[in-house]
Amino acid sequence: MKKSFLLFLFSITFSLASFAQQTVVKGSVLDGTTGEPIPDVTITIEETGQTLKTDAKGEFSFTQNVPLGEQVLKIEKVGYVTKRYPIIVNEGQTVDISGMTLDFDTSDKKDLFIISISDDNLNSEDDGLTDNISGLLQASRDVFLSAAAFDFSATFFRPRGLDNANGKVLINGVEMNKQFNGRPQWGNWGGLNDVQRNQEFSMGMSANDYNFGDLAGTNNIIMRASKYRRGGRISYASANRSYTGRVMASYSSGLLEGGWSYSVLGSRRFGEEGFRDGTIYDANSLFVAVEKQLNENHSLNFTGIYAKNRRGRSTAITQEVFDLKGPEYNPFWGLLNGEQRNSRMREINEPILMLNHFWDISSKVRLNTNVAYQFGEIANTRIDNGGTRLVTINGENAYLGGARNPDPTYYQNLPSFFLQDANPTAYDYQQAYLAEQAFRNDGQWDWNALYEGNATLRAQGGNSLYAVQADVIKDQQLTFNSILDAELADNIRLNAAINYRTLKSENFARLEDLLGGTGYLDVDFFAEEDDNSTISDEVAANLAQSDVRNPNRIVGEGDRYKYNYEINADVISGFAQAQFKYNKVDFYIGANLSKTTYQRTGLYENGFFQGGGNEGSFGDSDKLDFSNYGVKGGFTYKVTGKHLIDVNASYFTKAPSIRNSFSNARQSNAKVIGLESEKIQSIDASYIFRSPIVKARLTGFYSGFQDGSDIGFYFTEDLAGLGVDTGDAFVQEILTNIERRHVGIEFGIEAQVTPTIKLKGAASVGQYTFQNNPNLYLTSVDFLNRSDIDPQITFGDGTTNLDGYHVAGGPERAFQIGFEYRDPDFWNIGITSNFFSNAYLDVSNLARSANFTSDFDGNTFNDYDESIARDLLKQEQFDDYMLVNIIGGKSWKIDDYFVGFFATINNVFNEQYKTGGFEQSRLANFRRMQEDQSRDNGPIFGPRYFFGNGTTYYLNVYVRF
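Residues numbered from 1 in each chain as written. Predicted model: local features only at pLDDT ≥ 70, side-chain atom pairs only at ≥ 80, totals over all residues. Heavy atoms only, no water.

Peer 1: Mind showing me how you'd approach the overall build of the protein chain here?
Peer 2: Within the protein chain, the secondary structure is distributed over 11 helices and 46 strands. In terms of overall size, the protein chain behaves like a compact globule, its C-alpha atoms giving a radius of gyration of 31 Å where 961 residues would be expected to give roughly 30 Å. If you line up the protein chain on its principal axes, its C-alpha atoms span 120 × 60 × 60 Å. Out of the 961 residues in the protein chain, the part that is buried amounts to 55%. The contacts of the protein chain with a sequence gap of at least 6 include a subset with a gap of at least 24, amounting to 72%. For the protein chain, the exposed area adds up to about 40100 Å²; of that, 54% sits on carbon and sulfur atoms. (Helix = DSSP H or I, 4+ residues; strand = E, 2+ residues; numbered from the N terminus. Rg over C-alpha atoms; globule rule 2.2 N^0.38 Å. Buried < 20%, exposed > 50% of the residue type's maximum accessible area, 1.4 Å probe, protein only. Contact = heavy atoms within 4.5 Å. Areas by Shrake-Rupley, 256 points an atom, 1.4 Å probe, with all protein chains shown as cover.)

Okay, here's the thing in structure tokens:
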């Protein structure tokens, strides 16, 4: 008995001694204003890079592999000012630094930049905004990515040459990228700045807790009611970019008795026009989140978002138009009854409802299950000038009507059209002068002429010649996912998720405005039976019908017409990832599997594609089925606490988007020929240096893409092999087997040279090029009824010679140098100079095919000159340019209120520059291009360019309580 007692006493003494020898760093973090605990604060021991997050009580504890001696703890959270605390760690002792405080970032810099990101990036394809991924980077504190998100974004710079579809945006762990084109629709949550502060960004393919990720990174916006600090905020902003005014108010309750918490926000953005003329802005946004902590282990959160946005669009213009009207010109608007009216309106109205369940199975295992439902529509308007009336001549039906394009920039309205001949006459010069004066003095949409044209026909008993058409995408999407986060050991974490998304997408044209007319005949005025046609008279009589089951239908405002179909899409995926952390190296491995299916269901039987199945337009198409997978891995080697090596590599396949899967979805069930999942491989390697004064990262990257696809739509002339005067057509251009390579380096550095002054610099040098000659074919209703050609036509070997051309999409080189000054008296100012170069025009794919060298009979031009052709096909590189930006602000604390303002001026010196553009494919053969580009008075069908904004400002005044 005595021996047992001694053994028991020895065991206790040994255990206590062992416990006493354990080295521990623990503490807590509180809000510097309210004194409340702050959860989810990232705590980092800078020497080793070890990180963890505070729990619901704001507490943390490091117990494994704690470094000894003088250390620096960094504490940070989005929306708060980052702090560093020096500590001394002795072996076998506990360092307790409870009560550390974080102060709310009163400079509110994130609000400042969201106007350049969320509000301007509404993914309008005609606006040239589709390729900007800066919105993904808002949550990153990386020096280079911060420059890319804020200062570089005005030029539509794309880090690593990647666009929106290469990044993932999540809200509460639910993916928001659209299945139609793979891109996030920023307008769905625009105007909710104050509730978007809690964000987690994972760079590139590095490990993240929610999904497999993508090359441009993953950004999860946390919109849980319990994660918002208690208090409210009211602000007013004035700007001249996308809108002129914004008012916003928000309030969050914090955790209340009974486990409830809530957060609400309302905002309105408005303006008659932004920097571009006629770009009306009208947006209202509402947000509510309510959370109930059911018990210590379970919490249920509801999030609702309603962000209705109505915006006037602008477009790319030729150099001739720019020279006549300047950078603010927008052809889409005109005056009606003394008020501006834009013919191209974009309206986004897609509410989001989300229910999130959070289950702490144990202290080390957490399960997050989410259900989200999104519904509503996106509508883009344009003028329909194909109105007709049905007449009977000698017992046969005929359609009379159609009108010239009323666009003020239509080529026949410009001076170059009248001076196209080699030796213009005096009359030509007179007509050119009159056209120039008319365009300079007005050059806007003539709404009165449209109404007058319809009034004349109405008086004669006819239908509308002109109408406003909306192209509508009306989606209903249900998403379910479940995300597991488990600590298998102190240094091993497992992340896993299953996801399911099902989409029903209605796509149709809707007649919005008859412009004073009585009705609109739903037929295709431009439908013609070709002389070489072999179709029956009965079939030919139906060619013009949008729906042969309802022929010659007169539609009114609000009715569907022209095209009407549904897309049903289902995606199921699974993801697993393991993360390992050790003294000298951290590493991770991950994998995913997914299955994607698409099916088109035609609700109209189009006259050109009568019948069902894949050759017709009515009913179900075959299901498109894609099985995909991916693997990734990476490591961080800690040479010392200041020097790190980080490497990430991945290989994965990706299903094509809905947009790129059907060759002409508006009219038929036909799928793209040769469609494959895209294959993507990537690797990046970084050297990272960090100290209390200097932070820097140098990264080299490579990304390779194979089996990509793309579809374009345009009108072209003189297609080879179609005969004289029969080579004009509105075509769908389909590219498959696209191979690209993106390589380059990134560099970012910042130095806190004094407590108040920070110097920073950033640079990106890349090369993004095509690596093969993709397959190209054209489809068109103009090809369908001819016995002498195939419905899908190709040229030469069926490829386009893109090998070596640059992938267009912003500058490949960007450099920044700047500084920030933050005064202890709560005012700050920063200046950056940003230099850009090596931006390229998007080339015409058709002009790089054998169509370029071939005459109407398919034979090579007898006057073809290879040296001239080389000059004609040389890719245009834009001029270099520099943009200087200034930012500043001031805040005051008055009792329990914070009052402040901040402002920015972008492009201080009003630099004029091109952000992008594309070659027109209307003239895509050697003879026509040479003729057009050699005109003394400029080409008629020259490239169309997107021009950057001149000097713009943004001013925000706020009160926080």
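From this point on, the discussion continues.
Peer 1: I'm lost on the side chain of Ser837 in this one. Help?
Peer 2: Tracing the chain through its elements places Ser837 in strand β41 (residues 827-837). A distance of 3.0 Å separates polar atoms of two side chains, one belonging to Ser837 and the other to Asn838. Excluding its chain neighbours within four sequence positions, the residues that come into contact with Ser837 are Pro811, Glu812, Arg813 and Asp880. (Polar contact = N/O pair within 3.5 Å; in protein donor to acceptor, adjacent residues only side chain to side chain.)

Peer 1: Could you clarify how one ought to interpret the sheet that holds strand β11 (residues 218-221) in this entry?
Peer 2: Adjacent strands of a sheet form backbone hydrogen bonds with each other and so pair up, either parallel or antiparallel. Read across the sheet, 4 strands follow the order β9-β8-β11-β10 without closing on themselves; strand pairing throughout is mixed. Only two strands of the sheet have a single neighbouring strand rather than two, namely β9 (174-175) and β10 (199-202). Summarising the sheet, strand β8 (residues 168-171) and β9 pair through 2 bridges and their orientation is antiparallel. For Leu170, the partnering residue across the bridge sits in β9 and is Glu175. (Pairing = 2+ DSSP bridges.)

Peer 1: Which parts of the structure should I look at to understand the nonpolar core?
Peer 2: Leu719, Leu778, Phe783 and Phe795 are the most contacted members of the largest nonpolar core, which totals 31 residues. Every element with two or more residues in this core is listed here: β35 (694-716), β36 (729-752), β37 (757-770), β38 (775-779), α10 (866-872) and α11 (926-933). Sequence-distant contacts of Leu719, that is, excluding residues within four places in its chain, are made with Gly727, Val731, Leu778, Phe783, Ile793, Phe795, Leu846 and Asn851. Core analysis: the second largest hydrophobic core is formed by 23 residues, Tyr563, Leu624, Ala665 and Val672 among them. (Core = buried A, V, L, I, M, F, W, Y, C linked by side-chain atoms within 4.5 Å.)

Peer 1: Mind showing me how you'd approach helix α7 (residues 447-459) here?
Peer 2: In an α-helix, one turn spans 3.6 residues; hence positions three or four apart end up facing the same way. End to end, α7 covers 19 Å across 13 residues, agreeing with the expected 18 Å (1.5 Å per residue, within 8%). All of the buried residues in α7 are Trp447, Leu450, Asn454 and Leu457. Looking straight down α7, one finds its buried side chains confined to an arc of 100 degrees; they lie on one side. Exposed residues lying more than 90 degrees from the buried face of α7 are Glu452 and Ala459. Those residues of α7 hidden inside the fold are in contact with β18 (333-336), β19 (339-342), β22 (365-384) and β25 (467-489). (Expected span 1.5 Å × (residues − 1). Arc of directions from axis to C-beta.)

Peer 1: What am I meant to see in the pairing of strand β46 (residues 952-960) here?
Peer 2: Within a regular strand, the side chains alternate between the two sheet faces. Residue alternation in β46 divides its side chains into a buried set, Thr952, Tyr954, Asn956, Tyr958 and Arg960, and an unburied set, Tyr953, Leu955, Val957 and Val959. Direction of pairing for strand β12 (residues 231-239) relative to β46: antiparallel, over a ladder of 7 bridges. Within the sheet, the bridge partner assigned to Ser238 lies in β46 and is Leu955. When strand β43 (residues 897-906) meets β46, the two strands line up antiparallel, connected through 9 bridges. Each residue of the ladder has a partner; that of Ile905, found in β46, is Tyr953.

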